[in-house]
Amino acid sequence: MSSERAELVERILGGSRALSTETVMFHSAIAEQGGLSAVESKVADYLARFGPQTPKALSQLSGLAPASITALIDRLVGKGIVARKPHPEDRRKVLIEIDGAMVAAAAPMWDHLVKRVREACEGYTDSELETVLRFLADATAITHESTSLITQRQSTHRNR
C-alpha cells in the first residue's frame, strides 16, 4: 500500500472515529430528553425503523445478547416506550412494538441534523454520493459484526 493510500485510510479511520463519537453524543442527548439510555434509545430506533420485532430479532439487529435485550425490553415497557403484543402468526411468540406517539414526539429533535445533512449532500455529485452510500453500508456492516463479536466474547467469558 502506498504511503498516500495509507494516509487516506488513516484519515478515514480518524474521521469515522470522530463521527462515531459525535453520533453517540447526539443520540445520548436525544435519549436523555426521553429519560432513556443511549442503548434503549437505539433499540427503540430499530422498532421505529423496522416495525414490531420479536426479542430474538431485536437481539440479532442490535448484536446484543438475548439476556441483555430481555432486560432492556423490560425497562422500555416500564417507561411506557414499548409494549409486548401477541405475535399474529405464532401465539408462542411476542412482538415488541414502539409507541407511535413517542416516535412523533422525538421527530423534531432530528430536524436540524436532517436539514444540515441534506444541505451537505448538495455539495456532492451523484457519483460521490453513491460512494458515500457504499462506504456507509460497509461501515455499518463492519460495526454490527464487531458488536456481535464483542457480545459473543462477553457471553462466552461469563459462561466459563
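Preceding this section is the structure that the text describes.
These numbers were taken from a predicted model, which means no experiment stands behind them.

*Asks:* Help me understand the packing of helix 3 (residues 55–62) against helix 4 (residues 66–78) in this model?
*Replies:* When two helices pack together, their arrangement is given by the angle between the helix axes and by the axis-to-axis distance. With their axes 9 Å apart at the nearest point, helix 3 and helix 4 run at an angle of 115° to one another. Overall, the two elements helix 3 and helix 4 adopt an arrangement that is roughly perpendicular. Between helix 3 and helix 4 lies a crossing whose hand is right-handed. Here helix 3 contributes P55, L58, S59 and S62 to the contact with helix 4, which in turn contributes P66, I69 and I73.

*Asks:* What is the right way to read the packing of helix 2 (residues 38–50) against helix 4 from this model?
*Replies:* For the pair helix 2 and helix 4, the least separation of the axes is 11 Å and the interaxial angle reads 90°. Here helix 4 runs roughly perpendicular to helix 2, going by the angle between their axes. Two secondary-structure elements touch here, helix 2 through V39, E40 and V43 and helix 4 through I69, L72, R75 and L76.

*Asks:* What am I meant to see in the side chain of Q53 here?
*Replies:* Checked against the element boundaries, Q53 lands in the loop between helix 2 and helix 3. In this structure the side chain of Q53 is engaged in a polar contact, spanning 3.3 Å, whose partner is the backbone oxygen of G51. Look past the residues within four positions of Q53 in its chain and what remains in contact with it is L47, L58, L61, V94, L95 and I96.

*Asks:* Teacher, can you tell me more about the packing of aromatic side chains here?
*Replies:* We describe a pair of aromatic rings using the distance from one ring centre to the other and the angle between the two ring planes. Under the definition given, this model contains two aromatic pairs. Seen in terms of ring centroids, F26 and W110 are 5.1 Å apart; in terms of plane orientation they differ by 80°. Their pairing is edge-to-face. Of this pair, F26 sits in helix 1 (residues 3–33) while W110 sits in the loop between helix 5 (100–106) and helix 6 (111–121); the two residues are 84 residues apart in sequence, bridging distant segments of the chain. Since its relative accessible area comes to 23%, F26 is described here as partly exposed. Consider the rings of Y46 and F50, whose centres lie 6.3 Å apart with planes at 20°: the pair is stacked. Here Y46 pairs with F50, and both are found in helix 2, just four residues apart, close to one helical turn. Since its relative accessible area comes to 18%, Y46 is described here as buried.

Definitions and limits used
Residues numbered from 1 in each chain as written. Predicted model: local features only at pLDDT ≥ 70, side-chain atom pairs only at ≥ 80, totals over all residues. Heavy atoms only, no water. Axes fitted to C-alpha atoms, helices over the stretch in contact; angles between N-to-C directions. Helix = DSSP H or I, 4+ residues; strand = E, 2+ residues; numbered from the N terminus. Parallel < 35°, antiparallel > 145°, perpendicular 65-115°, else oblique. Left-handed = near helix turned anticlockwise from the far one by under 90°. Contact = heavy atoms within 4.5 Å. Polar contact = N/O pair within 3.5 Å; in protein donor to acceptor, adjacent residues only side chain to side chain. Phe/Tyr/Trp six-rings, centres within 6.5 Å; stacked < 30°, edge-to-face > 60°. Buried < 20%, exposed > 50% of the residue type's maximum accessible area, 1.4 Å probe, protein only.

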